[in-house]
Amino acid sequence: MNPLALSHVLAATGAELRGELAPETTFARIERDARKVQPGDCFIAVRGERFDGHSFVADAAAAGATAALVSRAWTDTQPEAPLPLLVVDDPVTALQQLAAWWRGQLPDLLVVGITGSVGKTSTKEVVASVLGRAMAVYRSPGNLNTEIGLPLSLLEVTPDHRAAVLEMGGAYAFGEIRLLCGIAKPTIGIVTNIHPVHLERMGTIEAIAETKAELVDAIPEGGWAVLNGDDPRVRAMAPRSGGQVLFYGLEPDNDVRATEVDSEGLEGVSFWLHLGGESNRVRIPLIGGHAVELALAAIAVGHIAGMALPDMLLGLTEPGVQIRLLVMPGPNGAQLIDDTYNASTPSMLSALGLLEAMNPQRAIAVLGDMRELGELSEREHVAVGRRAGEVADLVVTYGELARTMASEAATTDGRFDIGPPDVKSFGLEEREELIDYLLHELRAGDVVLLKGSRGLEMEGIVEALRREADGGSREE
């Protein structure tokens, strides 16, 4: 993060300084986790659903924080503080004001904002890797896309960066993405798709689409909206852009288009790329059914930035660009496909498609709950269960919602019309039993897909299986 001068923080936020700080004081970082505070940081006390950061001000002081950004209401209840305080009405609002001020210091920065129901983080990675072949690029770490995470990310952008690629919003409420766009001022906005993810919070898929369209609304004259033209709800956002529009996808009326797509399993995917009146046969090392969409979105942005196709394709080969569907050795000679990052119906079906394309001796699908689907939950779990029954020889489910997948898979004709697959279900309280079952069940020639919603923390199951494959112990 850029060192921030005290004077700039005070001017941007209107904070009241309580305590003694030299006028020339600078803060190394703004940090919200007291456990990660380092000497020279400014600790920001954020009140969340489970914790109130004000409870950790003393811990931040002990760790060497120079000051703490706190709420006025909290200071009124404190007899004294262990470090200087920057007092504001609301620390989160102050953080947003500070990030907006910093964005204003970078007028030439190309900001690419990305939203959508599925694939935001993967799209961010491929776009940043492509642009990185032509310029210095900042990409937000992980999935920091909230009213807190995005400002913290933006404050890490330096004057040496020519572009920043940022996720924008889980879209839990109307106005969230509009707020983030007001801070980051995106020049290019990408909308990946609209699916019934977070339906429990938003109520209808139309409401979900409306929240995502807030990014398109924010695109200025001279900017670009990059839209998945194969998704009717995304395509319908085009008239809302203040700038130009570029559609990508597989359908004939897209500006950046792929045809004759061939999966090459773990080697990636090849297709004819149609762009700017030219057609080229390309091959990329990304795997999974979503790989082509990711590549097309990144190529669209590279095209807007004036990049040559060979440079863009090199960007798609960068190490680390594949953050989903990671293939690794498993116990007893089995092979694991780790797609535990998150889960929705489209991403589940995409991962099952890869499992099918690999055509292993035995295909095993370990599938967890898909959450926040609202009234569509049962229907979506049935659809995934049916597809799992078609693809896998063994379906193992994790969680109560996922039992619907198991029931559906058990009645579906399996691979090569050999009848329904074997099915085994585990509840969330049976995590260790699930791990033990897989350790004893897996054998050489198996390919195992593991996927479920983020809240299940299924990456811990993958790690337990990997430790066994590496010859480690469960207690390490």
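Residues numbered from 1 in each chain as written. Predicted model: local features only at pLDDT ≥ 70, side-chain atom pairs only at ≥ 80, totals over all residues. Heavy atoms only, no water.

1. Let's talk about the overall build of the chain
Let me state the cut-off plainly: In this description a helix means any DSSP run of H or I spanning at least four residues, a strand means any run of E spanning at least two, and both kinds are numbered starting from the N terminus. The quantity called the radius of gyration is restricted to C-alpha atoms. Its globule counterpart is 2.2 Å times the number of residues to the power 0.38. Type-normalised accessible area, obtained with a 1.4 Å probe on protein chains alone, sets the label of each residue: buried when under 20%, exposed when over 50%, and partly exposed for intermediate values. Any two residues having at least one pair of non-hydrogen atoms within 4.5 Å are treated as being in contact. Values of accessible area rely on a 1.4 Å probe in the Shrake-Rupley scheme; residue burial ignores everything except the protein chains shown. A residue counts as positive if it is Lys or Arg and as negative if it is Asp or Glu; His and the chain ends are not included. Charge coordinates come from a single atom per side chain, which is NZ of Lys, CZ of Arg, CG of Asp or CD of Glu.
Within the chain one finds 17 helices and 22 strands. In terms of C-alpha radius of gyration, the chain reaches 24 Å, essentially the compact-globule figure of 23 Å for 476 residues. If one aligns the C-alpha atoms of the chain with their principal axes, the spans along those axes are about 75 × 60 × 40 Å. Within the span of the chain, comprising 476 residues, buried residues form 55% of the whole. Long-range contacts, defined here as pairs at least 24 residues apart, represent 64% of the contacts in the chain between residues at least 6 apart. Split by element, the accessible area of the chain, about 19700 Å² in all, is 48% carbon and sulfur. Computed over 40 positive and 68 negative side-chain charges, the separation of the two mean positions in the chain equals 1 Å.

2. Considering the side chain of His 274
The condition that has to hold: Polar contact is the term for a pair of N or O atoms within 3.5 Å; when the atoms are in protein, one must be able to donate a hydrogen and the other to accept it, and sequence-neighboring residues count only if both atoms are side-chain atoms.
Tracing the sequence through the fold places His 274 in strand S15 (residues 269-275). Among the polar contacts listed, one links the side chain of His 274 to the side chain of Ser 279, at a separation of 2.6 Å. Once you skip the residues sitting within four places of it in the chain, His 274 turns out to touch Asp 255, Val 256, Arg 257, Thr 259 and Ser 279.

3. Details of the packing of aromatic side chains
The cut-off we apply is this: Centres within 6.5 Å are what make two rings of Phe, Tyr or Trp a pair, Trp counting through its six-membered ring; a difference in plane orientation under 30 degrees is then read as stacked, over 60 as edge-to-face, and the rest as tilted. Charge-over-ring contacts are defined here by two conditions on Lys NZ or Arg CZ: a distance within 6 Å of the ring centre and an angle within 35 degrees of the ring normal.
The final tally for this structure, using the stated rule, is two aromatic pairs. Ring geometry for Trp 101 and Trp 102: centres 5.9 Å apart, planes at 40°, overall tilted. Taking relative accessible area as the criterion, Trp 101 reaches 23% and is therefore assigned partly exposed. Residue classification places Trp 102 among the buried positions, given a relative accessible area of 11%. Look at Phe 426 and Tyr 437: their rings are 5.6 Å apart centre to centre, the planes differ by 50°, and that puts the pair in the tilted class. Taken together, the positions of Phe 426 in strand S21 (residues 422-426) and Tyr 437 in helix H16 (residues 431-441) put the pair eleven residues apart, joining distant regions of the chain. Residue class for Phe 426 comes out buried when judged on its relative accessible area of 5%. Here the guanidinium or amino end of Arg 235 rests over the ring plane of Phe 247, the centre of that ring lying 4.0 Å away.

4. Description of the nonpolar core
Condition: We call a set of buried Ala, Val, Leu, Ile, Met, Phe, Trp, Tyr and Cys residues a nonpolar core when their side-chain atoms join them within 4.5 Å.
Of all hydrophobic cores here, the largest spans 41 residues; its most connected members are Val 112, Val 127, Leu 131, Val 256, Phe 271 and Leu 316. No other element matches the ten residues that helix H11 (residues 291-304) contributes to this core. If we ignore the near neighbours within four places in the chain, the residues touching Leu 131 are Leu 110, Val 112, Val 137, Ala 163, Val 165, Val 301, Ala 305 and Met 307. By size, the runner-up hydrophobic cluster in this structure holds 40 residues, among which are Ala 15, Leu 155, Met 168 and Cys 181.

5. Notes on the sheet that holds S21
Quick note on the threshold: Pairing between strands requires that DSSP locate at least two bridges from one strand to the other. Lines fitted to the C-alpha atoms define the axes, with helices restricted to the stretch that makes contact. Angles between their N-to-C directions range from 0 to 180 degrees.
Spatially, the six strands line up as an open sheet ordered S17-S18-S22-S19-S20-S21, and their pairing is mixed. Each edge of the open sheet carries a strand with a single partner, namely strand S17 (326-329) and S21. For this sheet, the mean inter-axis angle between neighbouring strands, taken without regard to orientation, is 20°. Helix H13 (residues 345-358) rests against strand S18 (335-338), strand S19 (362-368) and strand S22 (446-451) of the sheet, and its axis sits at about 175° to S22.

6. Here's the deal with helix H14 (residues 377-391)
Short version of the rule: To estimate how far a helix should extend, the number of its residues minus one is multiplied by 1.5 Å.
Across its 15 residues, H14 extends 21 Å between first and last C-alpha, which sits within 8% of the 21 Å expected from 1.5 Å per residue. Restricting attention to buried positions, one finds in H14 the residues Ser 377, Glu 380, His 381, Val 382, Val 384, Gly 385, Ala 388, Gly 389 and Val 391. Each element contacted by the buried residues of H14 is listed here: H13, S19, strand S20 (394-398) and helix H15 (403-409).

7. Regarding the packing of H16 against helix H17 (residues 459-469)
We apply this condition: With the far helix as reference, a near helix turned anticlockwise by less than a right angle produces a left-handed crossing, and one turned clockwise produces a right-handed crossing. Put simply, Ala, Val, Leu, Ile, Met, Phe, Trp, Tyr, Cys and Pro go in the nonpolar bin, Asp, Glu, Lys and Arg in the charged bin, and everything else, Gly too, in the polar bin.
It is the contact of H16 with H17, at a shortest axis distance of 10 Å, that shows an interaxial angle of 40°. In this structure, H16 crosses over H17, and the sense of that crossing is right-handed. From H16, Arg 431, Leu 434, Ile 435, Leu 438 and Leu 439 reach across to H17, where they touch Gly 460, Ile 461, Ala 464, Leu 465 and Glu 468. Of the residues assigned to the contact of H16 with H17, the class counts are seven nonpolar, one polar and two charged.

8. Examining the sheet that holds strand S16 (residues 278-284)
Backbone hydrogen bonds hold the strands of a sheet together, and the pairing may be parallel or antiparallel. Read across the sheet, nine strands follow the order S9-S10-S8-S11-S12-S13-S14-S15-S16 without closing on themselves; strand pairing throughout is mixed. The strands lining the two open edges of the sheet, one partner per strand, are strand S9 (137-139) and S16. Pairwise comparison of adjacent strand axes, ignoring direction, gives a mean angle of 20° for this sheet. Here S15 pairs with S16 via seven bridges, running antiparallel. The residue of S16 that forms the bridge with His 274 is Ser 279.

9. Topic: the pattern of salt bridges
For clarity, the cut-off: A pairing counts as a salt bridge when a side-chain nitrogen of Lys or Arg comes within 4 Å of a carboxyl oxygen of Asp or Glu.
In the structure shown here, the tally under the stated rule is 25 salt bridges. Across the pair Glu 31 and Arg 29 runs a salt bridge whose closest N-O atoms are separated by 3.3 Å. Of the residues examined, Glu 31 reaches a relative accessible area of 10% and is grouped as buried. When its relative accessible area of 21% is taken as the criterion, Arg 29 is described as partly exposed. Between Glu 206 and Arg 233 there is a salt bridge, and its shortest N-O distance comes to 3.9 Å. Here the residue Glu 206 occupies a position in helix H9 (residues 205-217), and Arg 233 occupies one in helix H10 (residues 232-235), the gap between them amounting to 27 residues. One continuous salt-bridge network, built from bridges that share partners, spans Glu 16, Arg 18, Arg 72 and Asp 89.

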